[in-house]
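The chain contents come next:
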Amino acid sequence: MKRVNITETVLRDANQSLIATRLPFSDFEEVLEKIDQAGYYSIECWGGATFDSCLRYLSEDPWERLRRIKAKVKNTKLQMLLRGQNLLGYKHYPDDVVRKFVEYAVKNGIDIIRIFDALNDFRNIEIAVDEALKHGAHVQGAICYTLSPIHNLESYVKMGKELEAMGVHSICIKDMAGIMSPKEAYDLFKALNEAVKLPLVLHTHSTTGLGPMTYLKAVEAGCSGIDTAISVFSGGTAQPATETLSYALKQFGYETGLNEKVLKEINDFFRPIKERFLEAGVLNPFVMGTETDALTYQIPGGMLSNLIAQLKQQNSLDRLDEVLEETPKVRKELGYPPLVTPMSQMVGVQATSNVLQGERYRNVSKEVRAYLRGEYGKAPGEIEPELIKKVLGDEKPITGRYAENLEPEFEKAKKKLGSLAKSDEDVLSYIAFPQIAEKFLKEREERRASTVSYTIKKL
Ligand code: CO
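Residues numbered from 1 in each chain as written. Predicted model: local features only at pLDDT ≥ 70, side-chain atom pairs only at ≥ 80, totals over all residues. Heavy atoms only, no water.

1. Description of the pattern of salt bridges
Defined as follows: Salt bridges, as used here, are contacts in which a Lys or Arg side-chain nitrogen is within 4 Å of a carboxyl oxygen on Asp or Glu. Residue exposure (1.4 Å probe, protein chains only): buried if accessible area is under 20% of the type maximum, exposed if over 50%, otherwise partly exposed. Comment: elements are numbered from the N terminus, with helices defined as DSSP H or I runs of at least four residues and strands as E runs of at least two.
Within this structure, the stated rule accounts for 39 salt bridges. Here Arg12 and Asp13 are joined by a salt bridge, their closest N and O atoms 3.3 Å apart. A relative accessible area of 2% places Arg12 in the buried class. Since its relative accessible area comes to 4%, Asp13 is described here as buried. Across the pair Glu395 and Arg373 runs a salt bridge, and its minimum N-O distance is 3.0 Å. Note that Glu395 is positioned in the loop between α18 (385-392) and α19 (410-417) and Arg373 in the loop between α17 (366-372) and α18, a separation of 22 residues in sequence.

2. Describing the environment of Gly211
Note the threshold: Any two residues having at least one pair of non-hydrogen atoms within 4.5 Å are treated as being in contact.
Structurally, the position occupied by Gly211 is in helix α10 (residues 211-220). Its relative accessible area of 1% is what places Gly211 among the buried residues. Considered as a pair, Gly211 and His135 are 76 residues apart in the sequence and their alpha carbons are 34 Å apart. For Gly211, the contacting residues outside a window of four places in its chain are Thr204, His205 and Pro240.

3. Digging into empty space enclosed by the protein
Formally: Only protein atoms enter the 1 Å grid used here. Points where a 1.4 Å probe fits but cannot escape make up a cavity, open sets with protein on both sides within 12 Å along at least five of seven lines make up a pocket, and a residue lines them when an atom lies within 4 Å of a point. Grid points are joined across faces, edges and corners, and a volume is the space filled by probe spheres set on the points. Throughout, the edges of the domains are those of an automatic or database domain assignment. Polar here means any residue outside two lists: the nonpolar Ala, Val, Leu, Ile, Met, Phe, Trp, Tyr, Cys and Pro, and the charged Asp, Glu, Lys and Arg; Gly therefore counts as polar.
The final tally for this structure, using the stated rule, is two cavities of 30 Å³ or more. For the largest cavity, the calculated volume is near 70 Å³. If you trace the largest cavity, you find it lined by Tyr145, Thr146, Leu147, Met176, Ala177, Ile179, Gln298, Ile299, Pro300, Arg331, Leu339 and Val340. Counting residues domain by domain, the lining of the largest cavity receives three or more from each of domain 1 (5-279) and domain 2 (292-403). In this structure, the second largest cavity spans a volume of roughly 60 Å³. Residues of the lining of the second largest cavity, tallied by class, amount to six nonpolar, two polar and two charged. Shared between two domains, the lining of the second largest cavity takes at least three residues from each, and those domains are domain 1 (5-279) and domain 2 (292-403).

4. Examining the sheet that holds strand β6 (residues 138-144)
To keep things clear, this is the line we draw: A pair of strands is considered paired only if DSSP assigns at least 2 bridges between the two. Angles shown run from 0 to 180 degrees and are taken between the N-to-C directions of axes, each axis being a line fitted to C-alpha atoms and, for helices, limited to the stretch in contact.
Read around the closed barrel, the eight strands follow the order β2-β3-β4-β5-β6-β7-β8-β9; overall the barrel is parallel. Ignoring which end each strand starts from, the neighbouring axes of this sheet average 30° apart. Across four bridges, strand β4 (residues 77-82) lies against strand β5 (residues 112-115) in parallel orientation. Counterpart to Gln79 in the pairing with β5 is Ile112.

5. Here we look at the domain arrangement of the protein
What counts here: Here the quantity called buried area is the accessible surface, traced with a 1.4 Å probe, that two parts lose on coming together, added over both. In the analysis that follows, any N or O atom pair within 3.5 Å is treated as a polar contact, provided that within protein one partner can donate a hydrogen and the other can accept it, and provided that, for residues neighboring in sequence, both atoms belong to side chains.
When cut into domains, the protein gives domain 1 (5-279), domain 2 (292-403) and domain 3 (413-458). Taking the mean C-alpha position of each, domain 1 and domain 2 sit 27 Å from one another. Between domain 1 and domain 2, the contact holds 27 residues from the first and 27 residues from the second. Note on domain 1 versus domain 2: buried area summed over both sides is about 2,200 Å², and carbon and sulfur give 65% of it. Together, His92, Leu119 and Arg123 form the three largest contributors to the area buried by domain 1 at its contact with domain 2, with a combined 29%. The tally of links between domain 1 and domain 2 comes to two salt bridges. Between Glu126 and Arg401 there is a salt bridge, with the nearest N and O atoms lying 4.0 Å from each other. Our count for the contact surface shared by domain 1 and domain 2 stands at nine residue pairs in polar contact (both at pLDDT 80 or more). Of the residues assigned to the side of domain 1 that touches domain 2, the class counts are 13 nonpolar, eight polar and six charged.

6. Examining the side chain of His138
Within the secondary structure, His138 sits in strand β6. Looking at His138, the relative accessible area reads 18%, which means it is buried. When sequence neighbours within four positions are dropped, the list of residues in contact with His138 reads Tyr41, Asp111, Ile112, Ile113, His169 and Ser170.

7. Section: the packing of helix α8 (residues 153-165) against helix α9 (residues 182-195)
The line we're drawing: The scheme is simple: roughly parallel for angles under 35 degrees, roughly antiparallel for over 145, roughly perpendicular for 65 to 115, oblique for anything else. What makes a crossing left-handed is the near helix being turned counterclockwise from the far one by less than a right angle; a clockwise turn instead makes it right-handed.
Closest axis-to-axis distance for the α8/α9 pair is 9 Å, and the angle between their directions is 40°. Comparing the axis directions of α8 and α9 gives the class oblique. Seen from above, α8 lies across α9 with right-handed handedness. The segment α8 lies against α9, with Leu153, Tyr156, Val157, Gly160, Lys161 and Glu164 engaging Asp187, Leu188, Ala191, Leu192 and Ala195. Residue classes in the contact of α8 with α9 are distributed as seven nonpolar, one polar and three charged.

8. Some points on the side chain of Asp117
Assignment of secondary structure puts Asp117 in the loop between β5 and α7 (126-134). In this structure the side chain of Asp117 is engaged in a polar contact, spanning 2.9 Å, whose partner is the backbone nitrogen of Asp121. A polar side-chain atom of Asp117 sits 3.2 Å from a polar atom in the side chain of Asn124. Other than its neighbours up to four places away in sequence, Asp117 contacts Asn124, Ile125, Cys144 and Tyr376.

This is the structure in structure tokens:
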């Protein structure tokens, strides 16, 4: 029987996509042992926005959260998402910080690290991959999926082979916008399966409604791992439902290893939590529906709603058609970056500005300028030389790996934090999100001080 590995996303991607990563540890602590018994291949529970959200909104130490999950999940692998040299954000960190971060992620309990770069410039993931391999983690190299005239089977196969050569253990195709069709999935996984020996994984979202069909066709073509979310936290901008996929796959003779009875108990556990988030207005029913505009415009749904919001703000919603026509032109001139954060915002803002200003590239954001300088990495295609000249003048873009130019930062940050940092993990939180981590660490100190004085009084 063929095996399909199921990764549960309720603690990370589904939590992030539906309720802006607002699920506190205390909400799901009780169900962790149950999740551990369900038969999942892995549980995605860390990275992405969980780290930021813990510090910023939930007053939780993200490292502590990871350790506490690990203490309850003894059999199932814990998985995280890492943005290569950007770690959990959008700026490039120096190599010493990237290495320390990966080392401590593994030491605190991560078994599988999925590593990607927004431009699929693998120079930006090589340090993280190298360090994760060194610490014995399962390293999953990820390719961002996008549609463009230069992204085709051949280019994806080439990327797959590059990842294989880097020594990763598996390859994930990451369709963050949920735009991959069943046909595209079938062709892509068939081609990859013939070209590389590694296990292949697909990550998609239900946004456009294609998700479950796409998973099924990918599996038929040799994909052996998919990401799903327990049903009450599935669908819409989150993943297709775990129970549904397992049910359908088993009928076709695939083994998922999942126990339906346990899945039902997990789902029942999360139902009142979902209702609470709905009542509080954190979960907007709109994000649970199906949005097909992304298919019409060939741009991710999130990008489309950003464009509309921007135009509304400037009282120019009537120019939407022009902006939608300008968007693919800007993208082409920028060398067809995948439309994922932050590139999707950068392309969208530029297209809007080009239309509203009445002159193309009259205003160029500092992010687009940095992109043209090569600070984000290498564009998948060729950037329009005229555009580089217009924006950068005589300045030459860098061609090497951007992080080569960055000074080591860990020891400096450690010194700066002084006694506020109780561990190297605290220092890493601070480097990743300086202001909010400092605030968090100070509040933690105050909380501890007040508990101590309270205890002394009691004595
Ligand atoms: Co995702």
